[in-house]
Amino acid sequence: MIIENEVKLDFNNVLFRPQTTKLTSRKQVELLRTITFKHSRQSWTGIPILASNMDTVGTLEMAKVLNRYQIITCFHKFIDMNKVVEWCKQDHTFRSSYFAISTGITEKDMERLDANIQLCHDNNVSVQFICIDVANGHMESFIQTCANIRSKYPNITLIAGNVVGGEVAEKLITEGKVDIVKVGIGSGSVCTTRLQTGVGMPQLSAVMECAERVHSVGGYVISDGGVCVPGDISKAYGGGADFVMMGGMLAGHKESGGELSQDEDGNVYVSFYGMSSSNAMKKYYGGVASHRSAEGKIVRLKYKGEVKNTIENALGGVRSTCTYIGANRLEDIYNHTIFMLVNQQANQIYS
Ligand code: 5GP
């Protein structure tokens, strides 16, 4: 048995130290980033945020709004690609830069992925991103599976995860030939992995560890999970994330999908559940297989209205972070970050 003594940090364990700035308004902050990916050699410009590939977040309705902000929607893997294609055919150049097709790694997943890509190809819709998503990206076979998908699709930008270790994150880039590593195990708002298995890693430290290794070999990192407030998005960039993926913060909106309900006082709620919850497994696989347990839960969120308001509030928060720490551009946040460890009292803002 080994004990690691170094304290691992979550978003609510730190705050940014304010610094002298030349900026006089949030409007001056540049949120767009342009990135050329290592393996796909594709260039992309946008705001580096992704809607999570959950079926109550990564919907077509979500993409229709987020693409206006140049933000990526990771479609959940059961989405009807015919509807996506119909939408993209109305405007070929723009829309396909802001969605990713998700897949798992079973044979059935691969068949679905190939069929979805073929469908796009047949309709002249380009696919820029594939998101290869498994609960445990530390499986040895995962790297080889990613490499196989790379050889099939040399020019598509590959996202793969989830992992929390620097070594495996680096190998996903160098051996798995993916472009972006998705980081986060146990940090999701409807994830119960930490409770069910005792496994996980505080999100900020996971990002810091992975970003260092992944950047050293020319890859990029997504921080996935645990973002509860706009300040957490900035903290993820401060820790070295290039992109931030959000589930819960984008759930519960008009565009999110999920069942609506109302209480006696007229308050409207929307259901939101993990993709490994018994709810999702029942919906897509007919139940929880006997050898596994659900590692996600279902919650009821107060209906939040249009997602546009949440996005604008979040982007306003990131702009404001930049002005406080003297970063002219979102991509400068990392170099302008001084994190202070904070005590419990400062953390009470989260409760
Ligand atoms: P959130 O932004 O809600 O904190 O986290 C979203 C992330 O939680 C997703 O992108 C995904 O990585 C993770 N996630 C979604 N559903 C489940 C689940 O059922 N179980 C676990 N362990 N993680 C989940």
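Data block above holds the structure.
S.K.: Report on the site of the ligand, specifying residues and quantitative values.
M.R.: Surrounding the ligand, one finds 21 residues, the nearest of these being S52, S189, D224, S276 and E295. Between the ligand and D224, the relevant distance is 2.5 Å, taken from an oxygen atom to a side-chain nitrogen or oxygen of the residue. Taking G226, its main chain carries an N or O atom lying 2.9 Å from an oxygen atom of the ligand. Compared with its free state, where it exposes 520 Å², the ligand has 89% of that area covered by protein. Grouping the constituent residues of the shell around the ligand by class yields 5 nonpolar, 14 polar and 2 charged.

S.K.: Lay out helix 6 (residues 166-174) with the relevant residues and their values.
M.R.: Along helix 6, the positions that sit buried rather than exposed are G166, V168, A169, E170, L172 and I173. Packed against the buried residues of helix 6 are helix 5 (140-152), strand 8 (157-163), strand 9 (180-183), helix 8 (203-216) and strand 10 (220-224).

S.K.: How would you sum up the pattern of salt bridges? Please name residues and give values.
M.R.: Summed over all chains, the structure comprises 14 salt bridges. When the shortest N-O distance is used, the salt bridge between D109 and R112 registers 3.2 Å. Taken together, the positions of D109 and R112, both in helix 4 (residues 107-122) and 3 residues apart, correspond to about one turn of that helix. One salt bridge connects R213 with E170, and the closest N-O pair in it is separated by 2.5 Å. One end of the pair, R213, is in helix 8; the other, E170, is in helix 6, and 43 residues separate them in sequence. The network of salt bridges with shared partners includes K77, D109 and R112.

Quick notes on the rules
- Residues numbered from 1 in each chain as written.
- Predicted model: local features only at pLDDT ≥ 70, side-chain atom pairs only at ≥ 80, totals over all residues.
- Heavy atoms only, no water.
- Near = heavy atom within 4 Å.
- Polar contact = N/O pair within 3.5 Å; in protein donor to acceptor, adjacent residues only side chain to side chain.
- Areas by Shrake-Rupley, 256 points an atom, 1.4 Å probe, with all protein chains shown as cover.
- Nonpolar A, V, L, I, M, F, W, Y, C, P; charged D, E, K, R; others polar.
- Buried < 20%, exposed > 50% of the residue type's maximum accessible area, 1.4 Å probe, protein only.
- Helix = DSSP H or I, 4+ residues; strand = E, 2+ residues; numbered from the N terminus.
- Contact = heavy atoms within 4.5 Å.
- Salt bridge = Lys/Arg side-chain N within 4 Å of Asp/Glu carboxyl O.

Purely spatial values, then, with no claim about function.
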